[in-house]
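# Close look at the chain arrangement
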Amino acid sequence: MIRNDVIMMALPRWDSLFHSTALSLSKEISRTNRVFYIDNPFTLKEVVTGFMKKPVRQRLLALFFGINKYRRIDPSNENLIAVTPRFVLPVNFLPQGKISSFLSSINNAIVSWAIRSAIKKYQIKDFIFINSYNPFYLEDADKFKPVCTIYHCVDNISESKYISRHGSRLEQKMIRDFDLTLSTSRKLSQYAQQFSKNTFYLPNGADFKLFRCAFD
């Protein structure tokens, strides 16, 4: 059994109102491996507009000072650790060009710093890097020297009006550059195979015992 640590960059945050494929996958992997779940960074705009809301308030020290940026998602599971980067700059509204590229490089540096800090603190070695549907960050994940880079394609990014502005282009690049891509549907696999032959179908699963309890 592979015992590599896993660093996962995901679009949904660990405390989102809706459970996500990325978090479910992280929990499953954490049964046997340490998983470091990198929170989708809050933008400065999100911090200002959501300053009085719980998701921002409970992360204030991490967002502004890089303090208390680690927490167990499940107190009983020491293998699953959330990592909160400092806030980043809002860039999605900008057209593709030098300004958006420059600001994106700053954001990538912020997220990279959070990951490097986690690697040092937890002495992470020989890890697998997974980007789950968040191609806006760390398309150059090879600089961390993971044993494998995986892009997790969970939905048609072009159908989202907001994230497709830059997301479609960045996702295609990530699929090309990463070692392999896992897709949650056969149609998504066909799409990803245009950019990389190392694409595999990994359908979503369900905890039938849990659903049975709810049904009963």
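Structure shown above.
Below is a summary of the structure that appears in this document. (Residues numbered from 1 in each chain as written. Predicted model: local features only at pLDDT ≥ 70, side-chain atom pairs only at ≥ 80, totals over all residues. Heavy atoms only, no water.)

The subject of this paragraph is the overall build of the chain. Broken down by element type, the chain carries eight helices and eight strands. In summary, the chain has a C-alpha radius of gyration of 17 Å against a globular reference of 17 Å for 216 residues, a match within 12%. Projecting the C-alpha coordinates of the chain onto the three principal axes gives extents of approximately 45 × 40 × 40 Å. Counting every position in the chain, which comprises 216 residues, the buried fraction comes to 46%. By sequence separation, contacts in the chain at least 24 residues apart represent 59% of the contacts at least 6 residues apart. Accessible area for the chain stands at about 12,500 Å²; split by element, carbon and sulfur atoms hold 57% of it. (Helix = DSSP H or I, 4+ residues; strand = E, 2+ residues; numbered from the N terminus. Rg over C-alpha atoms; globule rule 2.2 N^0.38 Å. Buried < 20%, exposed > 50% of the residue type's maximum accessible area, 1.4 Å probe, protein only. Contact = heavy atoms within 4.5 Å. Areas by Shrake-Rupley, 256 points an atom, 1.4 Å probe, with all protein chains shown as cover.)

Core analysis: the largest hydrophobic core is formed by 33 residues, its most contacted members being Ile7, Ile115, Phe129 and Leu138. Listing elements by their share of this core, those giving two or more residues are β1 (6-10), β2 (35-38), β4 (80-83), α5 (98-121), β6 (148-153), α6 (164-177) and α7 (186-192). Ranked by residue count, the leading element in this core is α5, at five residues. Not counting residues up to four positions away in its chain, the partners in contact with phenylalanine 129 are Ile7, Met9, Ile115, Leu138, Ala141, Pro146, Cys148, Thr149, Ile150 and Phe178. In terms of nonpolar packing, the next biggest core, distinct from the first, is built from 17 residues, Ala10, Ala22, Tyr37 and Leu80 among them. (Core = buried A, V, L, I, M, F, W, Y, C linked by side-chain atoms within 4.5 Å.)

In this model α5 runs 35 Å from its N-terminal to its C-terminal C-alpha over 24 residues, within 8% of the 34 Å that 1.5 Å per residue would give. Packed against the buried residues of α5 are β1, β2, β3 (70-72), β4 and β5 (128-132). (Expected span 1.5 Å × (residues − 1).)

By the definition in use, this model includes six aromatic pairs. With centroids separated by 6.2 Å and ring planes inclined at 70°, the aromatic side chains of phenylalanine 129 and phenylalanine 178 adopt a geometry described as edge-to-face. Placement of phenylalanine 129 in strand β5 and of phenylalanine 178 in the loop between α6 and β7 (180-183) is noted, with a sequence separation of 49 residues between them. Given a relative accessible area of 4%, phenylalanine 178 falls into the buried group. For the pair tyrosine 191 and phenylalanine 195, a centre-to-centre distance of 5.3 Å together with 75° between the ring planes defines the contact as edge-to-face. Among the aromatic side chains, those forming a connected cluster through ring pairs are Phe36, Tyr70 and Tyr122. Sitting over the ring of tryptophan 113, arginine 86 keeps its end group 5.1 Å from the ring centre. Geometry around tyrosine 122 places lysine 121 over its ring, the cationic atom sitting 5.7 Å from the centre. (Phe/Tyr/Trp six-rings, centres within 6.5 Å; stacked < 30°, edge-to-face > 60°. Lys NZ or Arg CZ within 6 Å of the ring centre and 35° of its normal.)

Counted according to the given criterion, the structure contains nine salt bridges. For aspartate 177, the salt bridge goes to lysine 173, with nearest N and O atoms at 2.7 Å. With aspartate 177 and lysine 173 both in helix α6, this residue pair falls four residues apart, about one helical turn. Each of the salt bridges in this network shares a partner with another, and the network as a whole consists of Asp15, Asp39 and Arg59. (Salt bridge = Lys/Arg side-chain N within 4 Å of Asp/Glu carboxyl O.)

Space inside the largest pocket adds up to approximately 790 Å³. In terms of lining, the largest pocket is formed by 30 residues, of which the most central are Val91, Asn92, Phe136, Tyr137 and Tyr162. Secondary-structure elements contributing two or more residues to the lining of the largest pocket are α2 (44-49), α5 and α6. A total of five residues in the lining of the largest pocket trace back to one element, the largest contributor, which is α5. Here the residues of the lining of the largest pocket sort into 13 nonpolar, 12 polar and five charged. Each pocket or cavity is described by its volume, and for the second largest pocket that value is around 660 Å³. If you go around the second largest pocket, you meet 22 residues; those closest to its centre are Ser24, Leu25, Glu28, Gly205 and Asp207. At the level of secondary structure, the elements contributing two or more residues to the lining of the second largest pocket comprise α1 (21-29) and α8 (208-215). Sort the elements by how many residues they give to the lining of the second largest pocket and α1 lands first, with five residues. A per-class count over the lining of the second largest pocket returns seven nonpolar, 10 polar and five charged. (1 Å grid on protein atoms, 1.4 Å probe; cavity = no way out; pocket = protein on both sides within 12 Å on 5 of 7 lines; lining within 4 Å. Points joined across faces, edges and corners; volume = space filled by probe spheres on them. Nonpolar A, V, L, I, M, F, W, Y, C, P; charged D, E, K, R; others polar.)

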